[in-house]
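So the chains spell out like this:
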Amino acid sequence: MKIIKQIEELRSIIRAWRKEGLTVGLVPTMGYLHEGHKSLIVKAVSENDRVVVSDFVNPTQFGVNEDLSSYPRDIERDAALCQEAGASLIFHPEPEEMYFRDNCTFVDMDGLTKGLCGMTRPTHFRGVCTVVSKLFHIVTPDKAYFGEKDAQQLAVIRRMVRDLNFGITIVGCPIVREKDGLAMSSRNTYLNTEERKAALILHKSLMLGEKMMKAGERDAEIIKAAMVKNMETEPLARIDYVEIVDAETLENVVKIEKPVLTATAVYIGKTRLIDNFGFEL
Ligand code: PAF
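These numbers were taken from a predicted model, which means no experiment stands behind them. (Residues numbered from 1 in each chain as written. Predicted model: local features only at pLDDT ≥ 70, side-chain atom pairs only at ≥ 80, totals over all residues. Heavy atoms only, no water.)

### Remarks on the packing of aromatic side chains
Working step 1: Tallied over the entire structure, the rule returns 3 aromatic pairs.
Working step 2: Measuring from ring centre to ring centre gives 6.4 Å for F56 and Y99, while their planes differ by 35°; the resulting arrangement is tilted. With F56 in the loop between β3 (50-55) and α3 (75-85) and Y99 in the loop between α4 (95-98) and α5 (117-120), this residue pair connects regions lying 43 residues apart in the sequence.
Working step 3: Judged by relative accessible area, F56 falls into the buried class, the value being 5%.
Working step 4: Judged by its relative accessible area of 11%, Y99 is buried.
Working step 5: Ring centres 5.9 Å apart and planes at 75° place the aromatic pair F62 and Y71 in the edge-to-face group. Each member of the pair, F62 together with Y71, is buried. (Phe/Tyr/Trp six-rings, centres within 6.5 Å; stacked < 30°, edge-to-face > 60°. Helix = DSSP H or I, 4+ residues; strand = E, 2+ residues; numbered from the N terminus. Buried < 20%, exposed > 50% of the residue type's maximum accessible area, 1.4 Å probe, protein only.)

### Observations concerning α3
Working step 1: Listed in full, the buried residues belonging to α3 are D78, A79, L81, C82 and A85. The buried residues of α3 occupy an angular sector of 165° when projected down its axis, which confines them to one face. Residues E76 and E84 are exposed on α3 and point more than 90 degrees away from its buried face.
Working step 2: Residues of α3 that are buried sit in contact with β1 (2-4), α2 (35-47), β3 and β4 (89-91).
Working step 3: Directly beyond the C-terminal end of α3, a positive phi value near 95° is found at G86. (Arc of directions from axis to C-beta. Contact = heavy atoms within 4.5 Å.)

### Quick notes on the site of the ligand
Working step 1: As a structural note, the neighbourhood of the ligand is formed by P28, T29, M30, N58, Q61, V128, V131, F146 and Q153.
Working step 2: Only β2 (24-29) and α6 (124-139) provide two or more residues apiece to the shell around the ligand.
Working step 3: Its residues placed into classes, the shell around the ligand shows 5 nonpolar, 4 polar and no charged. (Near = heavy atom within 4 Å. Nonpolar A, V, L, I, M, F, W, Y, C, P; charged D, E, K, R; others polar.)

### A few points about unusual backbone geometry
Working step 1: With a phi close to 45°, T140 is a non-glycine residue in the positive phi region.
Working step 2: Secondary-structure assignment places T140 in the loop between α6 and β5 (143-147).
Working step 3: The residue L250 is not glycine, and still its phi comes out positive at about 65°.
Working step 4: Among the secondary structure elements, L250 is positioned in the loop between β7 (237-246) and β8 (260-268).

### Topic: helix α9 (residues 200-214)
Working step 1: Compared with an ideal rise of 1.5 Å per residue, which puts 15 residues at 21 Å, α9 spans 21 Å between its outermost C-alpha atoms and is within 8% of the ideal.
Working step 2: Within α9, the full set of buried residues consists of L200, I201, L202, H203, S205, L206, G209, M212 and M213. (Expected span 1.5 Å × (residues − 1).)

### Looking at empty space enclosed by the protein
Working step 1: Across all of its chains, the model carries 1 cavity of 30 Å³ or more by this definition.
Working step 2: Approximately 60 Å³ is the volume found for the largest cavity.
Working step 3: Along its surface, the largest cavity is lined by K149, L182, A183, S185, N188, L202, L273, I274 and D275.
Working step 4: Of the residues that constitute the lining of the largest cavity, the class distribution is 5 nonpolar, 2 polar and 2 charged. (1 Å grid on protein atoms, 1.4 Å probe; cavity = no way out; pocket = protein on both sides within 12 Å on 5 of 7 lines; lining within 4 Å. Points joined across faces, edges and corners; volume = space filled by probe spheres on them.)

### A closer look at the sheet that holds β8
Working step 1: Taken together, 3 strands build an open sheet; the order of strands is β7-β8-β9 and the sheet is antiparallel. Looking at which strands have only one partner, the edges of the open sheet turn out to be β7 and β9 (271-279). When strand polarity is set aside, the average angle formed by the axes of neighbouring strands in this sheet is 15°.
Working step 2: Contacts from helix α10 (residues 220-231) reach β7 and β8, with the element oriented near 160° to β7. (Pairing = 2+ DSSP bridges. Axes fitted to C-alpha atoms, helices over the stretch in contact; angles between N-to-C directions.)

### Some words on the sheet that holds β2
Working step 1: Sheet architecture is open: 6 strands sit in the order β1-β4-β3-β2-β5-β6, paired in parallel fashion. Two strands in the sheet have a free side with no partner beyond their single neighbour: β1 and β6 (169-173). In this sheet, neighbouring strand axes are inclined to one another by 25° on average, regardless of whether the strands run parallel or antiparallel.
Working step 2: Across the face of the sheet, α3 comes into contact with β1, β3 and β4 while running at roughly 145° to β4.
Working step 3: Taken strand by strand, helix α7 (residues 151-163) contacts β5 and β6, and its axis lies near 170° from that of β6.

### Section: the pattern of salt bridges
Should their charged atoms come close, side chains of opposite charge can pair.
Working step 1: A complete count under the given rule lists 16 salt bridges for this structure.
Working step 2: One salt bridge connects D275 with R177, and the closest N-O pair in it is separated by 2.9 Å. Of this pair, D275 sits in strand β9 while R177 sits in the loop between β6 and α8 (193-198), placing them 98 residues apart in sequence.
Working step 3: R177 sits in the partly exposed class, given a relative accessible area of 27%.
Working step 4: Note that E243 is salt-bridged to K224, the shortest N-O span being 3.3 Å. Of this pair, E243 sits in strand β7 while K224 is found in helix α10, placing the two residues 19 residues apart along the sequence.
Working step 5: Through salt bridges that share partners, K43, E47 and K143 make up one connected network. (Salt bridge = Lys/Arg side-chain N within 4 Å of Asp/Glu carboxyl O.)

The analysis is restricted to geometry; functional conclusions fall outside its scope.
And the structure:
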């Protein structure tokens, strides 16, 4: 698997592909790839002539006390997974290649980025929008692939692409889960055995919420209260948020009358995990 570290080298490869009239898909990742990432790559391979996987732990999306230095990294393993999934190359730049030391330009967004994860991670989406914009400018893909586990990120990127006229098709891909229901995440690797068991509470509570909606409950407060109560049965869990929001605007919903996103973030020990489900009437 070809690992490209320089922006200019990648640009010249992409120029050559374009000369041949080939289409290009991009799968942006922060590496430490798992089956969830693999499903994005496989989908991208099925829809594009060439697929670039970016593998970059983006410093600007981490807050000061977050896990930038401990975030798991393993480029050899990532390369093997990309090869197996049929990617064309990995773009794996150093932070200095992506950001000038005196970088002072960022892409920021109001509205959609303020609630949910934006409450406890106020600079996170500025970092995500900035790096994804940079990747879009470098790779100039026809299509880019993102997981629905990061539902707020997906909504934010769709909006950014619309607002800034990127002209790139954003493809959202379903959450991939472990056999017992835990959503796959590179951060699951932080969990010890006891925490790994406790982490199932996210999926269990979401399933409870979904069951209530399917049974006809439309009062968001009643559903959230039941989910919170359920989460509180797990002593290792500390809730960051449990919210039911409009699937498009991400604004809080009182009565469920339109498609909604039910999203949660929970600390299991020191590890912050997120999960969600969408519900359409
Ligand atoms: O979802 C992620 O892994 C990251 O937020 C992304 C989109 C690759 C940007 O760094």
